[in-house]
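One letter stands for each residue in the lines below.
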Amino acid sequence: PLAMGAGFGAGLGLALASSAFIGGSFVLKKKGLLRLCGRSRAGQGGHAYLREWLWWAGLLCMGVGEAANFAAYAFAPATLVTPLGALSVLVSAVLSSIFLNEQLNVHGKIGCILSILGSTVMVIHAPQEEEVSSLESMAEKLQDPGFIVFAVCVLVSSLLLIFVAGPRYGQSNVLVYVLVCSAIGSLSVSCVKGLGIALKELFSGKPVLKEPLGWVLLVCLVICISIQINYLNKALDIFNTSVVTPIYYVLFTTAVMTCSAILFKEWQHLVLDNIVGSISGFLTIVSGIFLLHAFRDMPFTPSLLPLFLQPARADPHPPWSTADRHQSCQHQPLLPSEDKGSQSAEEEEEEEK
């Protein structure tokens, strides 16, 4: 059982602050990209956003959010911190509607909720990672054939997305650049895990700086983060923030959980309820992505609602009189008004005769 003390409150506060900073960072980056005013845009391969202070403010917010998220794991359990990361999706969607005038229809909101719920279910039923307490054990994990195959597949698929699918479909399909960020991000999380272990050993007095693995992980982390930033900026410059953020969160979380399962052997001792929960959460995420991506441009008007939910419309006709209210439909004339007028004229002629 977790002791509800100051440490738990600190972890909860850091997790909430992380979601706020990360969600706001997407909006700040998008705001900076919109201020380029015809200059070399990120969507066309330019890097003029590096001269925008709003973009740097968004990058700083993301760095602070990631640092707070990393620190939250030291105080609160992972089953609490990881699901709270989904709040960054809601923060980004709300701030985008306020500051970027990006409309999120009902289908998009339902998709966001389903994505968050599915991610939460997957985290709840995910197994605990295998304990790795030293760089030596981390090196053994990195040399595992399963992880090597996974890393090669990630690198090859990322190269195909960048050089083959990117020029053809990058401007029209949001998944191209987001998949690159998510796939490379799974490797960056492994680097962060290794560097965290190195920092613990460094603070405990071990000669970590002489170990080459720590420096290799640091270089790989810098490369992975640079690729993520570049292609995330391209996705934000081309597509709406309210669309990029949930899809990036879902795909990134799925890629990280897959990489952790392969690297730390998390799925070896799963019970049936955890397997069912993980599959259900994944299917919920897929449903949320479909609603969010397929119907993002469909307007939702009150006319699409059922009749009993539509707002009351004013009656263009005047209210009935008392006599008309009690008049039966059998007393209505069967002939049109013109025929009725001609019939009455014929009757008058016969009376005169």
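Scroll up for the structure.
All values reported here derive from a predicted model rather than from experimental measurement.

**Student:** Looking at this structure, how should I read the overall build of the chain?
**Tutor:** Of regular secondary structure, the chain possesses 13 helices and zero strands. Counting the 353 residues in the chain, one finds 40% classified as buried. Approximately 20,400 Å² of the chain is accessible, and the part contributed by carbon and sulfur atoms is 67%.

**Student:** Just to check I follow, could you spell out the state of the cysteines for this structure?
**Tutor:** Put plainly, a disulfide is one covalent bond tying together the sulfur atoms of two cysteines. Evaluated as defined, the whole model comprises zero disulfides. Here Cys191 is not cross-linked by a disulfide; its sulfur's nearest cysteine counterpart is in Cys220, at 5.1 Å. Here Cys191 falls in the buried class, since its relative accessible area comes to 7%. Unpaired in this structure, Cys224 has its nearest cysteine sulfur neighbour in Cys191, at a distance of 5.1 Å. By relative accessible area, which is 10% here, Cys224 ends up buried.

**Student:** Help me understand a nonpolar patch on the surface in this model?
**Tutor:** A cluster of nonpolar side chains, Ile148, Val152, Val156, Leu159, Leu160, Phe163 and Val164, forms an exposed patch at the surface whose accessible area comes to about 650 Å². For Val156, the location among the structural elements is in helix α7 (residues 145-169).

**Student:** How do you make sense of the packing of aromatic side chains when you look at a structure like this?
**Tutor:** Two aromatic rings are characterised by how far apart their centres lie and by the angle between their planes. Counting across every chain of the model gives three aromatic pairs. Judged by centre distance (5.6 Å) and plane angle (20°), the ring pair of Tyr248 and Phe252 falls under stacked. Separated by four residues within a single helix, Tyr248 and Phe252 lie in helix α10 (residues 241-264), roughly one turn from each other. Judged by relative accessible area, Tyr248 falls into the buried class, the value being 12%. Of the aromatic side chains, those joined through ring pairs into one cluster are Phe26, Tyr248 and Phe252.

**Student:** Even after reading the chapter, I still don't get the environment of Ser157, so can you show me in this structure?
**Tutor:** The residue Ser157 is located in helix α7 in this model. Note on Ser157: relative accessible area 32%, which makes it partly exposed. Polar side-chain contacts of Ser157 include one of 2.8 Å to the backbone oxygen of Cys153.

**Student:** Explain the nonpolar core here, please?
**Tutor:** Judged by nonpolar contacts, the single largest core of 48 residues is most densely connected at Phe26, Val174, Val178, Leu187, Leu232 and Val244. Ranked by the residues each element gives to this core, the list is headed by α10, at 11 residues. Both domain 1 (1-128) and domain 2 (129-268) contribute no fewer than three residues apiece to this core. Not counting chain neighbours up to four residues away, the residues in contact with Val244 comprise Val174, Val178, Leu232, Ala235, Leu236 and Phe239.

**Student:** Explain the packing of helix α8 (residues 175-203) against helix α9 (residues 212-238) here, please?
**Tutor:** What describes two packed helices is the angle between their axes and the distance between those same axes. Taken N-terminus to C-terminus, the directions of α8 and α9 make an angle of 155°; their axes are 8 Å apart at the nearest point. Classified by the angle between their axes, α8 and α9 sit roughly antiparallel to one another. Note on packing geometry: the crossing formed by α8 with α9 is left-handed. In terms of residue class, the contact of α8 with α9 is made up of 19 nonpolar, five polar and one charged.

**Student:** Explanation requested: the environment of Asn233 in the structure shown.
**Tutor:** Take Asn233: it is sitting in helix α9. A relative accessible area of 0% places Asn233 in the buried class. Sequence separation between Asn233 and Lys29 is 204 residues; the distance between their C-alpha atoms is 7.7 Å.

**Student:** Even after reading the chapter, I still don't get the packing of α7 against α8, so can you show me in this structure?
**Tutor:** The geometry of α7 relative to α8 is characterised by a closest axis approach of 9 Å and an angle of 155° between their N-to-C directions. The angle between α7 and α8 falls in the class roughly antiparallel. As for the relative orientation of α7 and α8, their crossing is left-handed in sense. Contact residues: Phe147, Phe150, Ala151, Val154, Leu155, Ser158, Leu161, Ile162, Ala165, Gly166 and Tyr169 in α7; Val176, Tyr177, Leu179, Val180, Ala183, Ile184, Ser186, Leu187 and Ser190 in α8. Looking at the contact of α7 with α8 residue by residue, the classes come out as 16 nonpolar, four polar and no charged.

Criteria and thresholds
- Residues numbered from 1 in each chain as written.
- Predicted model: local features only at pLDDT ≥ 70, side-chain atom pairs only at ≥ 80, totals over all residues.
- Heavy atoms only, no water.
- Helix = DSSP H or I, 4+ residues; strand = E, 2+ residues; numbered from the N terminus.
- Buried < 20%, exposed > 50% of the residue type's maximum accessible area, 1.4 Å probe, protein only.
- Areas by Shrake-Rupley, 256 points an atom, 1.4 Å probe, with all protein chains shown as cover.
- Disulfide = S-S within 2.5 Å.
- Patch = residues over 30% accessible without salt bridge, like charges linked within 9 Å, V, L, I, M, F, W, Y side chains within 5 Å.
- Salt bridge = Lys/Arg side-chain N within 4 Å of Asp/Glu carboxyl O.
- Phe/Tyr/Trp six-rings, centres within 6.5 Å; stacked < 30°, edge-to-face > 60°.
- Polar contact = N/O pair within 3.5 Å; in protein donor to acceptor, adjacent residues only side chain to side chain.
- Core = buried A, V, L, I, M, F, W, Y, C linked by side-chain atoms within 4.5 Å.
- Domains from an automatic or database assignment.
- Contact = heavy atoms within 4.5 Å.
- Axes fitted to C-alpha atoms, helices over the stretch in contact; angles between N-to-C directions.
- Parallel < 35°, antiparallel > 145°, perpendicular 65-115°, else oblique.
- Left-handed = near helix turned anticlockwise from the far one by under 90°.
- Nonpolar A, V, L, I, M, F, W, Y, C, P; charged D, E, K, R; others polar.

Such coordinate-based values are descriptive only and should not be taken to indicate function.
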